[in-house]
Amino acid sequence: MSDSQKYIDDNIDAFQEQLFDLLRIPSVSTNPTRKPDVLKAAEFLIDQLKKIGLDDVTLHKTKGHPIITAQKITDDSKPTVLIYGHYDVQPPDPEELWDTPPFEPTVKNGRVYARGASDDKGQSFTHIKSVESFLKTGTDLPVNVKFILEGEEEIGSPNLIPFIEENKDLLECDMVLISDTAMFGEDQPSITYGLRGLAYMEIHVTGPNRDLHSGVYGGAVENPVNVLTEIIAQLKDKDGVIQIEGFYDDVEPMTPEMREAYKKLPHDDEPYKKDLQLEALHGEKGYSTLERASARPTLDVNGIWGGYQKAGAKTVLPGKAGAKVSMRLVPDQDPEKIAELFEKHVKSLAPDTVTVDVVPHHGGHPVVIDLNYYGLKAAAQAFEDVYEKNVLFAREGGSIPIVADFKKILGVNSILMGFGLTRDALHSPNESFSLKDFHRGIKTSARFFEILPDFKE
Ligand code: BES
Ligand code: ZN
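Residues numbered from 1 in each chain as written. Chains lettered and ligands numbered in written order. Predicted model: local features only at pLDDT ≥ 70, side-chain atom pairs only at ≥ 80, totals over all residues. Heavy atoms only, no water.

1. A closer look at the overall build of the chain
Stage number 1. Regarding its fold elements, the chain presents 12 helices and 16 strands.
Stage number 2. For the chain, the C-alpha radius of gyration of 23 Å lies close to 23 Å, the compact-globule estimate for 457 residues.
Stage number 3. Counting only C-alpha atoms, the chain reaches 80 × 50 × 45 Å along its principal axes.
Stage number 4. Restricting the contact set of the chain to residue pairs at least 6 apart, pairs at least 24 apart contribute 79%. (Helix = DSSP H or I, 4+ residues; strand = E, 2+ residues; numbered from the N terminus. Rg over C-alpha atoms; globule rule 2.2 N^0.38 Å. Contact = heavy atoms within 4.5 Å.)

2. Digging into the coordination of the zinc ion (ligand 2)
Stage number 1. Coordination sphere of the zinc ion (ligand 2), protein contribution only: Asp-119 (OD), Glu-154 (OE), Glu-154 (OE) and His-427 (NE2), at 2.0 to 2.7 Å.
Stage number 2. Read N to C, the donor residues that coordinate the zinc ion (ligand 2) are spaced as D-x34-E-x272-H. Here Asp-119 is found in the loop between β5 (111–113) and α3 (121–135), whereas its partner His-427 is found in the loop between β15 (414–416) and β16 (432–434), with 308 residues between them in sequence.
Stage number 3. With relative accessibility at 7%, the residue Asp-119 sits in the buried group.
Stage number 4. On the accessibility criterion, His-427 (39% relative accessible area) is partly exposed. (Donors = N, O, S within 2.8 Å, 3.2 Å for Na, K, Ca; no water. Buried < 20%, exposed > 50% of the residue type's maximum accessible area, 1.4 Å probe, protein only.)

3. A few points about the packing of helix α1 (residues 3–23) against α3
Stage number 1. Two elements in contact, α1 and α3, have axes separated by 10 Å at closest approach and are oriented at 140°. When the interaxial angle is binned, α1 and α3 end up oblique. Considering the relative orientation of α1 and α3, their crossing is right-handed. Two secondary-structure elements touch here, α1 through Ser-4, Tyr-7, Ile-8, Phe-15, Gln-18, Leu-19, Leu-22 and Leu-23 and α3 through Lys-121, Gly-122, Phe-125, Lys-129, Glu-132, Ser-133 and Phe-134.
Stage number 2. Among the residues making up the contact of α1 with α3, the classes are represented as eight nonpolar, four polar and three charged. (Axes fitted to C-alpha atoms, helices over the stretch in contact; angles between N-to-C directions. Parallel < 35°, antiparallel > 145°, perpendicular 65-115°, else oblique. Left-handed = near helix turned anticlockwise from the far one by under 90°. Nonpolar A, V, L, I, M, F, W, Y, C, P; charged D, E, K, R; others polar.)

4. Details of the site of ligand 1
Stage number 1. Around ligand 1, 17 residues are found, and the nearest of them are Asp-119, Glu-153, Asp-180, Arg-328 and His-427.
Stage number 2. Contact distances for ligand 1 include 2.8 Å between an oxygen atom and a side-chain N or O atom of Arg-328.
Stage number 3. Relative to its free-state accessible area of 520 Å², ligand 1 is covered by the protein chains to the extent of 90%.
Stage number 4. For the shell around ligand 1, a count of residues per class yields five nonpolar, six polar and six charged. (Near = heavy atom within 4 Å. Polar contact = N/O pair within 3.5 Å; in protein donor to acceptor, adjacent residues only side chain to side chain. Areas by Shrake-Rupley, 256 points an atom, 1.4 Å probe, with all protein chains shown as cover.)

5. What to know about the packing of helix α2 (residues 35–51) against α3
Stage number 1. Between α2 and α3, whose axes approach to 10 Å, the crossing angle comes to 20°. One way to sum up the angle between α2 and α3 is to call them roughly parallel. Together, Phe-44, Leu-45, Gln-48 and Leu-49 of α2 and Phe-125, Ile-128 and Lys-129 of α3 make up the contact between the two elements.
Stage number 2. Of the residues assigned to the contact of α2 with α3, the class counts are five nonpolar, one polar and one charged.

6. Brief notes about a nonpolar patch on the surface
Stage number 1. Taken together, Tyr-272, Leu-276 and Leu-278 make up a surface patch of nonpolar side chains, about 260 Å² in accessible area.
Stage number 2. Checked against the element boundaries, Leu-278 lands in the loop between α7 (269–276) and α8 (289–292). (Patch = residues over 30% accessible without salt bridge, like charges linked within 9 Å, V, L, I, M, F, W, Y side chains within 5 Å. Salt bridge = Lys/Arg side-chain N within 4 Å of Asp/Glu carboxyl O.)

7. Observations regarding the environment of Ala-280
Stage number 1. Mapped onto the elements of the fold, Ala-280 is located in the loop between α7 and α8.
Stage number 2. You can call Ala-280 exposed: its relative accessible area is 52%.
Stage number 3. Spatially, the C-alpha atoms of Ala-280 and Glu-270 are 9.2 Å apart, while their sequence positions differ by 10 residues.

8. Here's the deal with unusual backbone geometry
Stage number 1. Looking along the chain, the bond that leaves Asp-119 and enters Asp-120 is cis, with omega of 5°.
Stage number 2. Within the secondary structure, Asp-120 is located in the loop between β5 and α3.
Stage number 3. Residues Pro-331 and Asp-332 are joined by a peptide bond in cis, for which omega reads -5°.
Stage number 4. By the element assignment, Asp-332 lies in the loop between β11 (320–329) and α9 (335–348).
Stage number 5. Although it is not a glycine, Asp-56 adopts a positive phi angle of roughly 50°.
Stage number 6. The topology assignment puts Asp-56 in strand β1 (residues 55–60).
Stage number 7. Notably, Asn-430 is not glycine yet its phi reads approximately 60°, a positive angle.
Stage number 8. In this structure, Asn-430 sits in the loop between β15 and β16.

9. Re the pairing of strand β9 (residues 197–206)
Stage number 1. Within β9, eight of the 10 residues are buried, which leaves the element mostly enclosed by the surrounding structure.
Stage number 2. The pairing of β9 with β11 spans 10 bridges and is classified as antiparallel. Residue Glu-202 lies in a different strand from β11, and its bridge partner there is Lys-324.
Stage number 3. Strand direction decides the pairing type here: β9 and strand β12 (residues 355–364), joined by eight bridges, are antiparallel. If you follow Ala-199 over to β12, its bridge partner there is Gly-363. (Pairing = 2+ DSSP bridges.)

Following this line, the structure appears as structure tokens:
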């Protein structure tokens with residue numbers, strides 16, 4: 001065993017305690033009252049990066065939350081790996097559904113429960129500890145490393161794209177390494193080679209200038225909630241096919257080879273349904289569950305409001321209604337084009353009895369990474385060395401919009417070396433992360449650095 005791998009085994013308890021300290025900071029990026037906590041998380045990481053011996057550790061202020069960079073360049077001839085991660089987290093809501101408080105990390109059955117445990121504090125922290133295992137043992141780091149850690153991933157990385165554009169030299173690298181995805185299953189290492197893109201929209205329907213008595217006015221005045229639900233109901237047909245004109249124009253059809261590869265992945269709908277306590281699944285006709293959840297585009301209502309929402313009944317004809325709608329995109333759909341098509345389509349469905357406004361939120365491009373890329377092969381070997389199991393290659397349905405920008409702006413591929421699991425409950429109550437995978441994740445990252453130079457073409 002190398003000194004670096006031994007150092008990781010010897011220090012894993014301390015690493016866990018440090019991760020728990022990071023998890024105690026409620027760095028919810030979307031909540032303005034949490035801004036000081038997001039900064040606190042950034043400062044915690046700055047301190048960590050300095051302590052492990054990295055150079056040029058810098059906190060860059062932005063209009064939103066800070067971006068952190070750091071590096072260790074030892075030899076220009078070595079490959080340079082840019083490690084990306086995010087230290088912001090989703091809101092813990094609904095908090096009452098957590099079994100233990102979201103910002104008090106609690107260990108149960110070998111898993112740590114806390115918001116951000118998996119997405120993405122636990123996963124991204126693995127690489128900091130992996131780099132530490134070289135620097136603290138005086139072992140030659142076989143690669144140059146750079147870090148870029150942001151506090152706005154969960155809100156669409158609004159300040160990261162301009163930052164990358166303005167700091168191309170600082171971020172110059174051969175590849176990006178990211179741990180912010182899931183493995184295919186427990187003890188089943190896998191590499192994600194595709195992510196969906198995103199177009200996130202809001203629909204606002206405005207009717208009368210105030211909420212009305214539903215008995216006095218009902219029947220004579222259009223109800224915005226009724227209109228909104230009718231519009232939403234027309235966005236997909238019964239076969240799960242999205243009805244927005246032009247929506248599928250740029251969708252790359254699945255080739256027979258792609259479909260064969262999907263069939264080979266170990267998946268069974270029965271335990272999948274059981275886990276969600278569902279009698280039946282739903283999705284686009286003609287596609288399997290895995291295809292629907294990663295290779296095909298979607299449209300989903302994420303939130304809806306209007307009228308009386310509290311306990312009991314109130315007779316009211318609401319003056320306003322609204323909904324948040326997300327569309328997950330696949331190559332070669334363009335988020336801006338899809339947002340325009342969505343707006344045009346929704347407006348075409350609006351009756352003249354109400355006003356319908358469409359507001360776009362953040363978006364992101366889909367990505368698929370070439371399976372022949374040498375970085376992916378090295379990552380697969382690193383996983384196999386640590387997990388002692390063959391690696392699976394799979395596309396995933398979530399989005400990390402910056403991956404497409406790394407390719408576009410820096411011209412490099414990203415290696416999605418996820419250590420999470422779908423059961424980690426990302427974005428849900430009781431998020432958790434396996435401490436065994438935290439440990440194996442650090443070792444896999446270190447192993448990747450050890451062997452990457454041998455794979456370089
Ligand atoms: N870690 C997730 C993305 C992810 C999850 C990828 C599971 C693959 C599998 C990331 O933090 C995330 O939640 N991204 C957002 C992006 C959005 C806010 C722009 C998402 O996918 O909803
Ligand atoms: Zn997330």
